[in-house]
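# Close look at the chain arrangement
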Amino acid sequence: MQHIYFDQASSSFPKAEGVSDAIKHFLDQGAFNINRGSYEAAYEISQLVLETRELLADLFHFAPVKNVIFTPGVTYSLNFLIKGLFHTGDHLICSSMEHNAVMRPLTQTAKLGVRFDAALCRPDGSLDPQRIEDLIQPQTKAVILTAASNVCGSFLPLAEIGRICRQHQLWFILDSAQMAGTFPLDMQALQIDALAFPGHKGLLGPQGIGGMLISEEIAQLAEPLISGGTGSASHLEEMPALLPDRFEAGTLNLPGIIGLRAALQYLAKQPAAAIAAKELALTAAFLRGAADLPQVRIIGLPGCAKRAPVVSLDFCGDDNARIAYQLESDFGIMTRVGLHCAPRAHQTLGTFPQGTVRFSFGQQNTEDEVNFCLAALKKILRRQPCSSSKGDSHAL
Ligand code: PLP
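Each chain carries its own residue numbering, running from 1 in the direction its sequence is written. Under the rules for a predicted model, residues below a pLDDT of 70 receive no local features and side-chain atom pairs below 80 are neither given nor counted, while totals for whole chains, interfaces and linings still include all residues. The side-chain quantities take in all heavy atoms of the structure and omit both hydrogens and water.

### Structural notes on helix α4 (residues 100-110)
- Summary of the burial criterion: residues with accessible area below 20% of their type's maximum are buried, those above 50% are exposed, and those between are partly exposed, where the area comes from a 1.4 Å probe applied to protein chains only. For the purposes of this entry, the term helix denotes a DSSP run of H or I that reaches at least four residues, the term strand denotes a run of E that reaches at least two, and both are numbered from the N terminus. Those residues of α4 not exposed but buried are Asn-100, Ala-101, Val-102, Met-103, Pro-105, Leu-106 and Thr-109.
- If you follow the buried residues of α4, they end up packed against α3 (74-85), β3 (91-95), β4 (115-119), β5 (140-146), β6 (171-175) and α12 (343-349). Any two residues whose heavy atoms approach within 4.5 Å are treated as being in contact.

Written out as structure tokens, the structure reads:
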């Protein structure tokens with residue numbers, strides 16, 4: 001049976017051309033550590049790491065390169081920012097579409113007296129920027145926002161919120177998980193102070209590598225969440241002020257960085273906007289077909305404007321888990337069913353607690369795969385519906 005991977009919002013597959021070769025070459029030909037040994041081969045690896053930071057700075061239109069920090073991914077970056085930057089009495093604003101990578105650190109720091117409010121999004125996942133402005137208080141320090149919903153793909157109004165943040169002197173912290181690599185994100189134009197990115201989604205790199213790009217002000221004020229050896233300023237028992245070392249204690253994930261470098265080089269060679277255009281064409285074809293399916297509710301925005309290539313369907317009167325299971329077992333189609341680590345988003349979209357089946361499209365997916373999936377859904381829906389109630393769906 002063929003396999004079709006429609007869970008690209010979780011992690012992209014296949015990875016960019018050149019990623020696995022680059023990692024293998026590093027591991028086989030000289031997996032030396034950087035910032036430690038003073039030998040030529042280690043300096044060569046340092047150079048590759050620096051180039052990776054430069055590629056990221058270019059991609060997100062950001063400077064200085066030393067403020068590009070590697071972490072294992074978005075979740076870690078957001079934890080570093082939320083737990084390292086805010087103190088008792090501070091107030092933060094997020095939206096009701098946030099992933100638990102934002103919500104869980106926020107609820108953890110709330111126990112320490114860092115308050116937050118979530119601006120309520122519309123039932124299609126979009127957000128009226130006024131909702132953010134209405135929540136601003138004298139103690140508000142930052143707006144933390146997902147760029148696009150990982151449940152239904154809706155974009156959030158980044159440019160408007162960047163403006164509001166500047167006007168009120170708030171930091172704008174972005175979770176770029178569902179946009180980075182697929183859509184342009186210009187930190188300067190959008191007035192973003194800190195951007196958290198995953199290497200393994202739209203950037204087409206391996207899992208376990210990601211990072212954050214942080215303004216000089218944030219770099220000066222944030223307490224490093226993790227401390228330890230950096231190979232620099234070894235006479236000190238405190239974390240050095242030097243960047244990026246201040247936020248990169250311990251040995252870096254060098255195979256991950258080398259793989260990410262290859263992925264970024266691949267992306268840099270693609271014609272501008274071609275990646276988003278291809279994925280959105282697949283999304284549009286899927287949305288058109290899904291609109292003809294009986295008893296299926298398309299969650300979020302109806303069209304492809306202002307959305308990432310992520311579509312959530314609610315199979316009304318049926319069990320979403322059954323649909324996802326049969327797509328995989330009978331047709332080899334991999335999707336993700338449940339609450340997608342975003343319970344508040346599902347509450348906003350009216351799909352809590354049953355969740356949805358999420359289809360997300362990537363660079364190597366094809367229109368034939370989309371058509372095959374739509375035909376598979378028709379066949380599944382013609383079969384005897386499951387008698388179990390919605391509440392039986394597995395909330396993942
Ligand atoms: N934020 C959003 C919107 C996501 O979709 C995800 C992952 O799916 C994350 C954060 C967490 O990313 P990671 O697991 O790579 O840290």
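From this point, the narrative continues.
### A short note on the site of the ligand
- Taken together, 13 residues surround the ligand, and among them Thr-75, Asp-175, Gln-178, His-200 and Lys-201 come closest.
- Polar contacts, as used here, are pairs of N or O atoms within 3.5 Å; protein pairs need one atom able to donate a hydrogen and one able to accept it. Residues neighboring in sequence count only if both atoms are side-chain atoms. Within the contact set of the ligand, an oxygen atom lies 2.6 Å away from a side-chain nitrogen or oxygen of Thr-75.
- Taking His-200, its side chain carries an N or O atom lying 2.8 Å from an oxygen atom of the ligand.
- Burial of the ligand by the protein chains amounts to 85% of its free accessible area of 390 Å².
- Considering only residue class, the shell around the ligand consists of 5 nonpolar, 6 polar and 2 charged. In these notes, residues near a molecule or strand are those with any non-hydrogen atom within 4 Å of it. Only the protein chains shown count as covering a residue, and every accessible area follows the Shrake-Rupley method with a 1.4 Å probe. Charged means Asp, Glu, Lys or Arg here, nonpolar means Ala, Val, Leu, Ile, Met, Phe, Trp, Tyr, Cys or Pro, and polar covers whatever is left, Gly included.

### Considering the packing of helix α10 (residues 274-291) against helix α13 (residues 367-382)
- Relative to each other, α10 and α13 sit at 20°, their axes nearing to 10 Å. It follows from the interaxial angle that α10 and α13 lie roughly parallel. Note that α10 runs across α13; the crossing there is right-handed. Contacts from Leu-282, Ala-285, Phe-286, Gly-289 and Ala-290 of α10 reach α13 at Glu-367, Val-370, Cys-373, Leu-374 and Leu-377.
- Of the residues in the contact of α10 with α13, the class split is 8 nonpolar, 1 polar and 1 charged. Here an axis means a line fitted to C-alpha atoms, over the contact stretch when the element is a helix, while the angle between two N-to-C directions is reported on a 0 to 180 degree scale. Angle categories: roughly parallel below 35 degrees, roughly antiparallel above 145, roughly perpendicular from 65 to 115, and oblique for all the rest. By convention, the crossing between two helices is left-handed when the near helix turns anticlockwise from the far helix through less than a right angle, and right-handed when the turn is clockwise.

### Regarding the sheet that holds strand β9 (residues 296-299)
- By definition, two strands form a pair when at least two bridges between them are found by DSSP. Taken in spatial order, the 4 strands make up an open sheet running β9-β10-β13-β12, and their pairing is antiparallel. Edge positions in the sheet fall to β9 and β12 (336-338), since each has one partner strand and no second. Across the sheet, the mean angle separating the axes of adjacent strands is 30° when strand polarity is ignored.
- In this structure, β12 lies alongside strand β13 (residues 356-360), joined through 3 bridges in antiparallel fashion. Bridged to Arg-336 within β13 is Arg-358.
- Running at roughly 10° to strand β10 (residues 310-315), α13 makes contact with β9, β10 and β13 of the sheet.

### Overview of the packing of helix α1 (residues 19-29) against helix α9 (residues 254-269)
- Running from N to C, α1 and α9 cross one another at 145°; their axes reach a closest spacing of 8 Å. Note that α1 runs across α9; the crossing there is right-handed. On α9, the residues that touch Val-19, Ala-22, Ile-23, Phe-26 and Leu-27 of α1 are Leu-254, Pro-255, Ile-258, Gly-259, Ala-262 and Ala-263.
- A class-by-class count of the residues in the contact of α1 with α9 yields 10 nonpolar, 1 polar and no charged.

### Side note on unusual backbone geometry
- In this structure, Pro-244 follows Leu-243 across a cis peptide bond, with omega equal to 0°.
- As for its placement among the helices and strands, Pro-244 is situated in the loop between α8 (216-221) and α9.
- A cis amide bond, omega 5°, links Phe-352 with the succeeding residue Pro-353.
- As for its placement among the helices and strands, Pro-353 is situated in the loop between α12 and β13.
- At Ala-233, a position not held by glycine, the phi torsion is positive, near 45°.
- The exposure class of Ala-233 is partly exposed, given its relative accessible area of 30%.
- Not every positive phi belongs to a glycine, and Lys-306 is a case in point at roughly 60°.
- As for its placement among the helices and strands, Lys-306 is situated in the loop between β9 and β10.

### Things to note about the pairing of strand β2 (residues 68-71)
- The alternating pattern of β2 places Val-68 and Phe-70 on one face and Ile-69 and Thr-71 on the opposite face, and all of these are buried.
- Bridge count for β2 against strand β8 (residues 210-214) is 4 bridges, and the pairing is antiparallel. Residue pairing across strands places Val-68 opposite Leu-213, the latter belonging to β8.

### Some details on helix α11 (residues 320-331)
- By definition here, a helix of n residues has an expected span of 1.5 Å times n minus one. Taking 1.5 Å as the rise per residue, α11 with 12 residues should run 16 Å; its terminal C-alpha atoms sit 16 Å apart, in good agreement.
- Within the span of α11, buried status applies to Asn-320, Ala-321, Arg-322, Ile-323, Ala-324, Gln-326, Leu-327 and Phe-331.
- On the buried face of α11, the contacting elements are β10, β11 (333-334), β12, β13 and α13.
- For α11, the side-chain oxygen to backbone nitrogen distance between the N-cap and Ala-321 is 2.9 Å, and the N-cap itself is Asp-319.
- Just past α11, the residue Gly-332 takes up positive phi, approximately 70°.

### A few points about the nonpolar core
- Nonpolar cores are built from buried Ala, Val, Leu, Ile, Met, Phe, Trp, Tyr and Cys residues. Side-chain atoms within 4.5 Å join them into one set. Counting 66 residues, the largest nonpolar core has Leu-56, Phe-60, Leu-145, Leu-158, Leu-195 and Phe-197 as the members making the most contacts within it.
- Among the elements that take part in this core, α9 stands out by supplying 9 residues, more than any other.
- Not counting the four nearest positions on each side in its chain, Phe-197 is found in contact with Leu-56, Phe-60, Gly-73, Val-74, Ser-176, Ala-180, Leu-203, Gly-210, Gly-211, Met-212, Leu-213 and Leu-260.
- Judged by nonpolar contacts, the second largest core, of 30 residues, contains Ala-194, Met-212, Ile-214 and Ala-222.

### Brief notes about the packing of aromatic side chains
- Two aromatic rings, drawn from Phe, Tyr or Trp (for Trp, its six-membered ring), form a pair once their centres lie within 6.5 Å of each other, and the interplanar angle then sorts them: stacked below 30 degrees, edge-to-face above 60, tilted otherwise. Taken as a whole, this structure holds 9 aromatic pairs when the rule is applied.
- Between Tyr-5 and Phe-13, the aromatic rings sit 6.2 Å apart at their centres with planes inclined by 90°, giving edge-to-face as the arrangement.
- An aromatic cluster of three or more residues is present, and its members are Phe-6, Phe-286, Phe-359 and Phe-361.

### Side note on the sheet that holds β2
- Read across the open sheet, the 7 strands follow the order β2-β8-β7-β6-β5-β3-β4; overall the sheet is mixed. Of all the strands in the sheet, the pair left with one neighbour each is β2 and β4. Between one strand axis and the next, the sheet turns through 20° on average, direction left out of account.
- Inspection of the sheet shows β5 paired to β6 by 5 bridges, in the parallel sense. Looking at β6, one finds that Val-143 is bridged to Phe-172.
- Sheet contacts for helix α6 (residues 158-167): β5 and β6; angle to β6, the most-contacted strand, approximately 150°.

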